[in-house]
Amino acid sequence: MFYDEVMNAVRLIRERIVCRPKVAVILGSGLGGVADSLEEKEYLPYAEIPGFPPSAVSGHAARFVFGRMNEKPVVVMQGRFHYYEGLSMRQITFPIYVLRMLGVESLVVTNACGGINPGFAPGDLMLITDHINFSGNNPLIGENDERFGPRFPDMTQVYHPALQAVTRQTAKSLGIALQEGVYAFFTGPCYETAAEIRAIHTLGADAVGMSTVPEATVANYLGMKVLGVSCITNMGTGIAKGAHSHEEVLAAAETSGKTLCRLLEKVLAEISLEEGEEA
Ligand code: HPA
């Protein structure tokens, strides 16, 4: 049973790891460096956790890093699972169930993505205010287990308004420019066509990427507070001249990843305070 698979993974993590985080961060392509600033680090490769799918995408370390940021316990996912790897939606969101059952209450999701809003430029950070699921699939399809959440979850506020407010305020106080907008999820692995980018621009998307939406959907279902921040690594197909490459995306993510790191450190401290956690 799916519930038992989740709890098996939770049990192993409790046995192996001392840290008991209330906040988790998923790091997107090229953003793994955010974990460097953690103290008292404890590592756990996904491959050692029962139920975790195999993964091999370059730019992803594929492990949990538990540790403290500004004294507060957090867990960072260095690398995530993608639908384009050929895994099921259930498989790619398995870690979210595990984090929730471990006691995590807030989830920060980051990604590298393409900009569509003409006011955006590569290197920008974007606060995700909402999303559009363009995959034709949903991670909650299948039998529902009420121990996790309801059959028909509400999606009015997937991205928690208070966490958005904290992030806006923090960016302002640090002098970090923060765009905001709607993230559209395409499965990948190919980048979009120029016609697809024009189409989703018309439909209200500000950015496009191949992750985040399955995880945010499941986290919302599980009752977690979700914060999403994107790094715009390139402009969507047809907006700027030239073809895309994964190398270009990773290089751009590494640059804006440093700014994202500064922002997240402060935001995480604020979130932990809100949770009223003991350090
Ligand atoms: N499209 C989809 N995913 C992406 C992009 C893009 O342009 N850039 C980085 N991830």
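Look above for the structure.
This report concerns the structure included in the present document. Only a predicted model underlies this, so the values are computations on that prediction, with no experimental measurement involved.

**Thoughts on the packing of helix H1 (residues 2-16) against helix H2 (residues 89-102)**
Inference 1: Here H1 crosses H2 at 60°, and the two axes come no closer than 9 Å. One way to sum up the angle between H1 and H2 is to call them oblique. As for the relative orientation of H1 and H2, their crossing is right-handed in sense. Two secondary-structure elements touch here, H1 through Phe-2, Tyr-3, Glu-5, Val-6, Met-7, Ala-9, Val-10, Ile-13 and Arg-14 and H2 through Arg-90, Phe-94, Tyr-97, Val-98, Met-101 and Leu-102.
Inference 2: Of the residues assigned to the contact of H1 with H2, the class counts are 12 nonpolar, no polar and 3 charged.

**Observations concerning the nonpolar core**
Inference 1: Counting residues in hydrophobic clusters, the biggest one holds 54 residues, and the most contacted among them are Val-6, Ile-13, Phe-52, Phe-64, Tyr-97, Leu-99 and Leu-107.
Inference 2: Ignoring any residue separated from it by four or fewer positions in sequence, one finds Ile-13 in contact with Leu-44, Ile-49, Phe-64, Phe-66, Val-98 and Leu-102.
Inference 3: Formed by 32 residues, the second largest nonpolar core is a distinct cluster that contains Leu-31, Met-69, Val-74 and Val-108.

**Section: the side chain of Asp-206**
Inference 1: Here Asp-206 lies in the loop between helix H4 (194-202) and strand E8 (207-209).
Inference 2: Arg-168 provides the closest opposite charge to the buried, unpaired Asp-206, separated from it by 11 Å.
Inference 3: Reaching out from Asp-206, the side chain makes a polar contact with the side chain of Asn-117 at a distance of 3.0 Å.
Inference 4: A distance of 2.8 Å separates the side chain of Asp-206 from the backbone nitrogen of Val-182, its partner in a polar contact.
Inference 5: Ignoring anything within four residues of it in the chain, the contact list for Asp-206 reads Gly-114, Gly-115, Ile-116, Asn-117, Phe-120, Met-126, Gly-181 and Val-182.

Conventions and cut-offs
Residues numbered from 1 in each chain as written. Predicted model: local features only at pLDDT ≥ 70, side-chain atom pairs only at ≥ 80, totals over all residues. Heavy atoms only, no water. Axes fitted to C-alpha atoms, helices over the stretch in contact; angles between N-to-C directions. Helix = DSSP H or I, 4+ residues; strand = E, 2+ residues; numbered from the N terminus. Parallel < 35°, antiparallel > 145°, perpendicular 65-115°, else oblique. Left-handed = near helix turned anticlockwise from the far one by under 90°. Contact = heavy atoms within 4.5 Å. Nonpolar A, V, L, I, M, F, W, Y, C, P; charged D, E, K, R; others polar. Core = buried A, V, L, I, M, F, W, Y, C linked by side-chain atoms within 4.5 Å. Buried < 20%, exposed > 50% of the residue type's maximum accessible area, 1.4 Å probe, protein only. Lys, Arg positive; Asp, Glu negative; His and termini not counted. Salt bridge = Lys/Arg side-chain N within 4 Å of Asp/Glu carboxyl O. Polar contact = N/O pair within 3.5 Å; in protein donor to acceptor, adjacent residues only side chain to side chain.

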